[in-house]
Amino acid sequence: MPLIAVTRGVSSTLNEGQLTYKTREPIDLKLARQQHRAYEEALESLGATIVHLPARDEFPDAVFVEDAAVVVDECAVITTPGAPSRAAEGELLTDTLKRYRLLQRLTPPATLDGGDIIQAGRTVYVGLSKRTNPAGLEQLHALLTPLGYTVVPVAVKGALHLKTAITYAGRNTVLAKPEWTDLAAFKDLRVLEVPKHEPWGASVLNVNGTLVMPASFPATRAVLERVGFQCRALDLSELQKAEGGPTCLSILIKT
Ligand code: CIR
């Protein structure tokens, strides 16, 4: 099925972005841009068509485009990301997303980051985190349940987003850092655990059956490959310094 990947260029202000769990380290912008381009090329080689939006320097974190919208088959929900510096990022996506989907919007007091959303078939898991509040959960629930989705709230403990703690790898399997979430919500799925020394390894992105993941987690890659997943490891060091990972750099849209 044709797949669009919406991305956004790296802001020259990325060094001023939000940090919650990581200590600030200088980000090499030139390298960050090379890594971002290599990410786009990897998605292209896996069959996605890249829709690249220009960097917006007034939004340091806007390269992490996933947080500003949630796209399902029937609609695109423009979110209000939970960090005040990011709250208006959803509006930057409306012109692009309306080409592919009916648009819906969350309204105050809802805040929700796309990084807190996991979709596994018709089930949508919503992480309650520092970024996604109960009003965000309620509004997403009100939009998606009439469309036939089951919306499941999940606690996020000690991680920025649900997708920092757990992602859906495909084939009824999730990859998790168990301490950072409540695995009871995923009891119907097979759970693979990241090795203890790679706590940030749980975030992988399934693109047409291949898992795009950071090269810095080789032991996690081995866990995935042992059970038959195809992996594509990328150097994302500079984007990881900004607390980003492979999922947050794109919005995938089936067309
Ligand atoms: C932030 O704190 O919002 C950014 N520095 C990182 C966002 C990463 N987003 C994601 O994993 N979905």
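Conventions and cut-offs
Residues numbered from 1 in each chain as written. Predicted model: local features only at pLDDT ≥ 70, side-chain atom pairs only at ≥ 80, totals over all residues. Heavy atoms only, no water. Pairing = 2+ DSSP bridges. Helix = DSSP H or I, 4+ residues; strand = E, 2+ residues; numbered from the N terminus. Axes fitted to C-alpha atoms, helices over the stretch in contact; angles between N-to-C directions. Contact = heavy atoms within 4.5 Å. 1 Å grid on protein atoms, 1.4 Å probe; cavity = no way out; pocket = protein on both sides within 12 Å on 5 of 7 lines; lining within 4 Å. Points joined across faces, edges and corners; volume = space filled by probe spheres on them. Nonpolar A, V, L, I, M, F, W, Y, C, P; charged D, E, K, R; others polar. Near = heavy atom within 4 Å. Polar contact = N/O pair within 3.5 Å; in protein donor to acceptor, adjacent residues only side chain to side chain. Sits in = over half its atoms within 2 Å of the grid points. Salt bridge = Lys/Arg side-chain N within 4 Å of Asp/Glu carboxyl O. Buried < 20%, exposed > 50% of the residue type's maximum accessible area, 1.4 Å probe, protein only.

(A) Local environment of the sheet that holds strand β12 (residues 205–207). As summarised here, the arrangement of the three strands in space is β12-β13-β14, forming an open sheet in which the pairing is mixed. The open sheet is flanked by β12 and β14 (230–234), the only strands paired with a single partner. Averaged over all pairs of adjacent strands, the angle between strand axes in this sheet comes to 35°, irrespective of strand direction. Across three bridges, the pairing between β12 and strand β13 (residues 210–214) is antiparallel. From the neighbouring strand, V207 faces β13, where its bridge partner is T210. Of the strands in this sheet, β12, β13 and β14 are in contact with helix α1 (residues 29–45), which crosses β14 at around 160°.

(B) Main features of the sheet that holds strand β5 (residues 102–105). The strand order across the open sheet formed by three strands is β3-β4-β5, and the pairing between neighbours is mixed. Where the open sheet ends on each side, the last strands, each with one partner, are β3 (69–71) and β5. The mean angle between the axes of side-by-side strands here comes to 20°, regardless of whether they run parallel or antiparallel. Here β3 runs beside strand β4 (residues 75–78); their pairing, made up of three bridges, is antiparallel. Its bridge partner lying in β4, V70 is registered against V77.

(C) Representation of empty space enclosed by the protein within the structure. Inspection of every chain in the model, using the stated rule, returns three cavities of 30 Å³ or more. Roughly 290 Å³ of volume is contained in the largest cavity. Taken together, 25 residues line the largest cavity, and the ones lying closest to its centre are L160, E243, G244, G245 and C248. Looking at the lining of the largest cavity, its residues break down into eight nonpolar, nine polar and eight charged. By volume, the second largest cavity amounts to about 50 Å³. L14, N15, G17, Q18, L19, R24, E25, I27, K241 and A242 together form the lining of the second largest cavity. In terms of residue class, the lining of the second largest cavity is made up of four nonpolar, three polar and three charged.

(D) Region of interest: the site of the ligand. Residues in contact with the ligand amount to 13 residues; listed here are only the nearest, Q18, E66, R86, R131 and A242. Between a nitrogen atom of the ligand and a side-chain N or O atom of D61, the distance comes to 2.8 Å. R131 is positioned such that a nitrogen or oxygen atom in its side chain is 2.8 Å from an oxygen atom of the ligand. Mapping the ligand onto the cavity grids shows that it belongs to the largest cavity. Grouping the constituent residues of the shell around the ligand by class yields four nonpolar, three polar and six charged.

(E) Up close: the pattern of salt bridges. Counting across every chain of the model gives 16 salt bridges. In this structure, the salt-bridge partner of K177 is E179, at a minimum N-O distance of 3.2 Å. In this structure, R221 and E225 form a salt bridge, with 2.8 Å as the shortest nitrogen-oxygen distance. Note that R221 and E225 are positioned in helix α5 (residues 218–226) at a spacing of four residues, about one turn of the helix. Judged by its relative accessible area of 28%, R221 is partly exposed. Among the charged side chains, a salt-bridge network with shared partners connects R37, E40, E41 and E44.

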